[in-house]
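Residue strings, one per chain:
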Amino acid sequence: MEISHIEHIGIAVKSLEEAIPFYENVLGLKCYNIEEVKDQKVKTAFFKVGQTKIELLESTDPDGAVGKFIEKKGEGLHHMAFAVKNIESSLEEVHSRGIKLIDAKPRKGAEGLNIAFLHPKATFGVLTEFCEGRKPDDSSH
Ligand code: CMX
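Residues numbered from 1 in each chain as written. Predicted model: local features only at pLDDT ≥ 70, side-chain atom pairs only at ≥ 80, totals over all residues. Heavy atoms only, no water.

Draft legend 1. Spotlight on a nonpolar patch on the surface. Together, Phe22, Val26 and Leu27 make up an exposed nonpolar region whose accessible area comes to about 290 Å². Topologically, Val26 is positioned in helix H1 (residues 16-26). What makes Val26 exposed here is its relative accessible area of 58%. (Patch = residues over 30% accessible without salt bridge, like charges linked within 9 Å, V, L, I, M, F, W, Y side chains within 5 Å. Areas by Shrake-Rupley, 256 points an atom, 1.4 Å probe, with all protein chains shown as cover. Salt bridge = Lys/Arg side-chain N within 4 Å of Asp/Glu carboxyl O. Helix = DSSP H or I, 4+ residues; strand = E, 2+ residues; numbered from the N terminus. Buried < 20%, exposed > 50% of the residue type's maximum accessible area, 1.4 Å probe, protein only.)

Draft legend 2. Structural context of the sheet that holds strand S2 (residues 31-37). Strand order in the open sheet formed by eight strands is S2-S3-S4-S1-S5-S8-S7-S6, with mixed pairing between adjacent strands. The sheet is open, and its two borders are formed by S2 and strand S6 (107-108), each paired with just one other strand. Bridge analysis of S2 against strand S3 (residues 42-49) gives six bridges, and the strand direction is antiparallel. In the strand pairing of S3, Glu35 is matched with Thr44. On top of the sheet, H1 reaches strand S1 (3-13), S2, S3 and strand S4 (52-59); it is set at about 160 degrees to S4, its chief contact. (Pairing = 2+ DSSP bridges. Contact = heavy atoms within 4.5 Å. Axes fitted to C-alpha atoms, helices over the stretch in contact; angles between N-to-C directions.)

Draft legend 3. Geometry of the state of the cysteines. Considering all chains together, one arrives at zero disulfides under this definition. Among the cysteines around Cys31, which has no disulfide bond, Cys131 carries the closest sulfur, lying 18 Å off. The class of Cys131 is buried, set by a relative accessible area of 2%. (Disulfide = S-S within 2.5 Å.)

Draft legend 4. Structural context of the site of the ligand. Lining the immediate environment of the ligand, one finds 18 residues, of which Gln40, Glu55, Lys68, His78 and Lys121 sit closest. Within the side chain of Lys121, a nitrogen or oxygen atom sits 2.6 Å from an oxygen atom of the ligand. Look at the ligand: alone it shows 970 Å² of surface, and the protein chains cover 73% of it. Elements represented by at least two residues in the shell around the ligand include exactly S4, helix H2 (65-73) and strand S5 (76-84). Per element, the largest residue contribution to the shell around the ligand is six residues, and it comes from H2. (Near = heavy atom within 4 Å. Polar contact = N/O pair within 3.5 Å; in protein donor to acceptor, adjacent residues only side chain to side chain.)

The following block contains the structure:
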């Protein structure tokens, strides 16, 4: 498999409205997109840091992945996402090496990317995501 870069880092927050000013006013980053991903039960806010993005995640449902995470662990680092060249073959490859997948097939995530998660129990405690799709230097959004 081929990973080109860290596509984004996901951070679980209780409120986008409360968290965004820290990233904008203190760190000087610009929130360029806010998007609800119904399938994942989250509302997301994106910032670019070089080739990598920060994705803030606010839960829209206490039974969703982020809702449960915040309930159990509080706000903080939620997942790390790698940009891969071919998501389907990457998933097949890690699966064939005995790594437990959450998603055997990619689904549509924020920003139109194809996404899939590997289980954190198989990745040394870090929820790991593969993404394939639009390149981060594509400024058509
Ligand atoms: N990072 C590391 N470990 C995590 C974790 C995370 N983000 N979320 C859960 N875990 C751990 C839990 O602490 C728990 O460990 P223990 O058994 O040692 O306590 C274990 O995984 C099972 O967790 P759980 O609370 O019982 O939760 P679930 O099994 O219901 O779900 C997971 C866990 C990872 C399978 C689920 O959160 C999932 O499917 N995640 C993928 C989808 C997702 O995260 N979507 C939100 C982001 C969407 C986006 O970026 O757009």
